[in-house]
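Here is how the chains run, residue by residue.
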Amino acid sequence: MCGIAGFAGMDDNELLRSMCNSLTHRGPDEDGYHTGLGIGLAMRRLAIIDLETGSQPISNETRDVWVVFNGEIYNYQELRLDLMQRGHQLATSSDTETIVHLYEDYGVDFVHHLRGMFGIALWDANRRRLILARDRIGEKPLYYAWDGKRLLFGSEIKAILQGIRSRSVNPQAVCDFLAAGYVAGPHTFYGEISRLPPGHMLVWENGAILNVQNALGYPNDGPGGNSQGMMLFFRGKEGADVG
């Protein structure tokens, strides 16, 4: 278990460290940060794969694409081989590094090449684009808050709360909980904070959220759904050592 956090549309290194520190229990081994104009990425790591060189955030060769990642990519060894055959230079043996190079080749469609469980935050400095993505069935959590100027995200709500002073109750979430015993869909108990649904991707670019879309599909999502992708997902999980 690891934890990621960060923001776009603002600069506040103290807040970034506070968000990261709130997730220490998810990753006791180390922390890591990437900051730039209007962007901050943070990571608390529980080291499982590539103990020596797998620290995050991780970038591409030109250091203009950065990623923090919670989870495990089960097909990363096949992805690494394919990426190297196409000329990419990989500096680590981690599954995380495959994500930035897949993005270089496929753009926002990089998620279609991943089999695993993941919560991903990827920053494209040239396009001023932040991508948040979550695995098909939502094994790894990812939350976000958007106030029209700032986008904050985290593996847990408590990370986002570090940057929100005014908080309100979401009545729909309360109704859902009383009726069903859980909070459904993108809602949380906080009016300012949303859950990124399973299989979804959020794209923020140049100060605005462009879309929040179902990029991977849900299990049993009917005609035109992603049943083939789900079969690949569960096949990839067989025998996997999940941390």
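The preceding data block contains the structure.
So, how was this worked out
- Residues numbered from 1 in each chain as written.
- Predicted model: local features only at pLDDT ≥ 70, side-chain atom pairs only at ≥ 80, totals over all residues.
- Heavy atoms only, no water.
- Buried < 20%, exposed > 50% of the residue type's maximum accessible area, 1.4 Å probe, protein only.
- Helix = DSSP H or I, 4+ residues; strand = E, 2+ residues; numbered from the N terminus.
- Arc of directions from axis to C-beta.
- Contact = heavy atoms within 4.5 Å.
- Phe/Tyr/Trp six-rings, centres within 6.5 Å; stacked < 30°, edge-to-face > 60°.
- Lys NZ or Arg CZ within 6 Å of the ring centre and 35° of its normal.
- Patch = residues over 30% accessible without salt bridge, like charges linked within 9 Å, V, L, I, M, F, W, Y side chains within 5 Å.
- Areas by Shrake-Rupley, 256 points an atom, 1.4 Å probe, with all protein chains shown as cover.
- Salt bridge = Lys/Arg side-chain N within 4 Å of Asp/Glu carboxyl O.

A. Geometry of helix α2 (residues 76–85). Residues of α2 that are buried: Tyr76, Leu79, Arg80 and Leu83. The arc that holds every buried residue of α2, seen down its axis, measures 100°, which confines them to one face. Exposed residues on α2 whose side chains face more than 90 degrees from its buried face are Gln77 and Gln85. Looking at the packing, one finds that the buried side of α2 touches β5 (65–73) and α3 (96–106).

B. Here's a closer look at the packing of aromatic side chains. Under the criterion given, the structure shown has 3 aromatic pairs. A ring pair is formed by tyrosine 103 and phenylalanine 110, whose centres lie 6.1 Å apart and whose planes are at 80°; its orientation type is edge-to-face. Residue classification places phenylalanine 110 among the buried residues on the basis of a relative accessible area of 0%. Positioned above the aromatic ring of tyrosine 33, the side-chain terminus of arginine 17 is 4.2 Å from the ring centre.

C. Spotlight on a nonpolar patch on the surface. A cluster of nonpolar residues, Phe177, Leu178 and Phe189, forms a patch on the protein surface that exposes about 330 Å² of accessible area. Here phenylalanine 177 is to be found in helix α5 (residues 171–180).

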